[in-house]
Amino acid sequence: MAEESSEALSDGERLQKVLARAGLGSRRHCENLIDEGRVLVNGSVAVLGRRVALESDEVVVDGVRIGVAPGLRYVLVHKPTGVVSTASDPQGRPTVVELVGDSERLYPVGRLDTDTEGLIILTNDGDLTFRLTHPSFGVDKEYLAWVEGEPSRGTLRRLREGVELDDGPTAPARAALVAPDLIRLTLHEGRNRQVRRMCEAVGHPVRRLVRTRIGPLTDRRLKPGAWRDLTTEEVRSLERASSS
Ligand code: URA
C-alpha cells in the first residue's frame with residue numbers, strides 16, 4: 001500500500017466524522033473501523049487522524065466506496081408513461097432528466113420503456129452507473145406486470161425457470177401472483193423489453209408494467225412524475241448491492 005503524504009493528513013475533515021455522517025455508525029465506531037485497517041483513502045489504508053477533502057478523495061470501507069464527494073448526485077425518479085428514459089430524445093418527447101429539471105448533467109441508469117412506469121435512478125456517478133448496469137454486477141429489479149388472462153401455476157413456473165426468447169433463454173427469476181392478472185417478477189438480467197417479452201412468450205401480454213424496486217431501493221410514496229435525492233444510506237446500500 002502507498003504511504004500517505006503528511007499533507008493528506010492535515011487537509012480536510014476528520015475521516016471518522018465523514019464516515020459517521022455517511023451513516024457508518026458513531027464516531028467511536030468509525031474510529032475502530034479506521035484502527036482495524038478497514039478504511040482506504042485513495043487506495044491506501046487510512047490511519048487515525050486522517051483528514052479527507054470531500055471534493056477529491058475516494059473513501060472505501062470494507063471494499064465499498066462511500067459516497068462522500070459533494071459533486072456526485074443520485075436522484076430517484078418515478079417515471080410516468082410517455083416519458084423517455086434517455087437523456088435526450090430526437091423525437092422531442094419529454095425525458096426523465098427534464099423531470100428533475102436541474103442544469104447539472106445527470107444520466108439515467110439503465111432504461112425503462114416509454115410505456116413502462118416506475119423507479120429509475122439518475123446520477124452523474126459513472127462508476128456506480130457502470131456497476132449497476134453491467135450484467136456481472138447487476139442488482140435485481142422488481143416489476144409489477146398486469147397481464148392479459150390469468151396465468152396458471154405452470155406459467156409462473158416457466159417464468160421462474162426460464163423462457164426462450166429470440167435472444168436466448170432467460171435466467172432464473174422470481175415470479176409470484178399478486179392478483180389473478182398481476183404478476184410480481186424479480187429479474188437479475190436487464191434485457192431490452194424483457195418483462196414484456198417473457199410474459200408475451202408465456203401467452204400473457206403485459207397491459208401495464210411498473211418497476212417497484214431497484215436492488216435495495218424502493219419508495220411507494222414517490223408519485224408518478226415525482227423525484228427525490230437518495231439518502232447517503234441509500235447510496236451506500238446501492239454500492240454494497242453492486243460490489244459483490
Ligand atoms: N422490462 C420491460 O419489458 N420493460 C421495461 O421497461 C423494463 C423491463
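So, how was this worked out
For every chain, the first residue of its written sequence is number 1, and the numbers climb from 1 along that sequence. With the structure being a predicted model, the display of local features is reserved for residues of pLDDT at least 70 and the display and counting of side-chain atom pairs for 80 or more, all residues being used for whole-chain, interface and lining totals. By convention in this description, side-chain values take in all heavy atoms of the structure and omit both hydrogens and water. Strands pair, by our definition, only if DSSP identifies at least two bridges between them. Elements are defined by DSSP. Helices are runs of H or I of four residues or more, strands are runs of E of two residues or more, and each kind is numbered from the N terminus. The buried label goes to any residue with under 20% of its type's maximum accessible area, the exposed label to any with over 50%, and the partly exposed label to all in between, with areas taken from a 1.4 Å probe on protein chains only. It only takes one pair of heavy atoms within 4.5 Å for two residues to be counted as in contact. The definition of a polar contact used here is a pair of N or O atoms within 3.5 Å, where within protein one atom must be able to donate a hydrogen and the other to accept one, and adjacent residues in sequence count solely through side-chain atom pairs. In plain words, nonpolar cores are sets of buried Ala, Val, Leu, Ile, Met, Phe, Trp, Tyr and Cys residues tied together by side-chain atoms within 4.5 Å. Reported domain spans reflect what an automatic or database domain assignment gives. Here, proximity means that at least one heavy atom of the residue falls within 4 Å of the molecule or strand. Here the accessible surface of atoms and residues is derived via Shrake-Rupley with a 1.4 Å probe, and residues count as covered only by protein chains that are part of the display. Three classes are used, and their members are as follows: Ala, Val, Leu, Ile, Met, Phe, Trp, Tyr, Cys and Pro are nonpolar, Asp, Glu, Lys and Arg are charged, and the others, Gly among them, are polar. Looking at any residue, its pLDDT shows the predictor's confidence there, from 0 to 100. A pair is scored as a salt bridge if a Lys or Arg side-chain nitrogen falls within 4 Å of a carboxyl oxygen belonging to Asp or Glu.

1. Digging into the sheet that holds strand β5 (residues 59-61)
1) Next: Pairing is antiparallel across the open sheet formed by 4 strands, whose spatial order is β3-β2-β5-β6. The open sheet has two edge strands with one neighbour each: β3 (44-45) and β6 (64-66).

2. Overview of the pairing of strand β14 (residues 182-187)
1) Next: For β14, a buried count of 5 out of 6 residues is recorded, marking the element as mostly surrounded by other parts of the structure.
2) Next: Where strand β10 (residues 141-147) and β14 come together, 6 bridges link them in antiparallel fashion. Paired with tyrosine 143 across the two strands is leucine 185, which belongs to β14.
3) Next: Where strand β13 (residues 174-179) lies against β14, 5 bridges are found, and the strand directions are antiparallel. Following the sheet pairing, alanine 175 is matched in β14 by leucine 185.

3. Quick look at helix α5 (residues 126-133)
1) Next: Within the span of α5, buried status applies to Leu128, Thr129, Arg131 and Leu132.
2) Next: Those residues of α5 that are buried lie in contact with β6, β7 (74-79), β9 (117-123), β10 and α8 (232-241).
3) Next: Between the side-chain oxygen at the start of α5 and the backbone nitrogen of aspartate 127 there is a gap of 3.1 Å, and the oxygen is on aspartate 125.

4. A word on the nonpolar core
Nonpolar side chains tend toward joint burial in soluble globular proteins.
1) Next: Counting 28 residues, the largest nonpolar core has Leu122, Leu159, Ile183, Leu185, Val195 and Cys199 as the members making the most contacts within it.
2) Next: Broken down by secondary-structure element, the contributors of at least two residues to this core are β7, α4 (96-100), β9, β10, α6 (153-161), β14, α7 (194-201) and β15 (206-214).
3) Next: Here this core gathers at least three residues from each of two domains, domain 2 (74-135 + 217-241) and domain 3 (140-214).
4) Next: Sequence-distant contacts of isoleucine 183, defined by excluding residues within four places in its chain, comprise Tyr143, Leu144, Ala145, Val147, Pro151, Leu156, Leu159, Ala175, Ala176, Leu177 and Cys199.

5. Details of the site of the ligand
1) Next: Every residue close to the ligand is listed here: Leu112, Asp113, Thr116, Tyr143, Arg193, Gln194, Val195, Arg196 and Leu209.
2) Next: Taking threonine 116, its side chain carries an N or O atom lying 3.1 Å from an oxygen atom of the ligand.
3) Next: Within the backbone of arginine 193, one N or O atom sits 3.3 Å away from an oxygen atom of the ligand.
4) Next: Here the ligand has 240 Å² of accessible area as a free molecule, and 95% of this is covered by the chains.
5) Next: Looking at which element gives the most residues to the shell around the ligand, the answer is α7, with 3 residues.
6) Next: Broken down by class, the residue content of the shell around the ligand amounts to 4 nonpolar, 2 polar and 3 charged.

6. Observations concerning the confidence of the model for the protein chain
1) Next: For the protein chain, per-residue confidence averages 88 on the pLDDT scale, and 91% of positions sit at 70 or higher.
2) Next: Within the model, the stretch residues 1-8 combines pLDDT values under 50 with 14 contacts to residues more than four positions away or in other chains.

7. Focus: the pattern of salt bridges
1) Next: Inspection of the entire model under this criterion finds 25 salt bridges.
2) Next: Measuring nitrogen to oxygen at the nearest pair gives 3.0 Å for the salt bridge that ties aspartate 113 to arginine 196. With aspartate 113 in the loop between β8 (107-108) and β9 and arginine 196 in helix α7, this pair connects stretches of sequence that are 83 residues apart. For the pair aspartate 113 and arginine 196, a shared accessibility class is recorded, and that class is buried.
3) Next: Salt-bridge contacts for arginine 213 lead to aspartate 140; the nearest nitrogen and oxygen are separated by 3.2 Å. Of this pair, arginine 213 sits in strand β15 while aspartate 140 sits in the loop between α5 and β10; the two residues are 73 residues apart in sequence, bridging distant segments of the chain. In terms of burial, arginine 213 and aspartate 140 fall into one category: buried.

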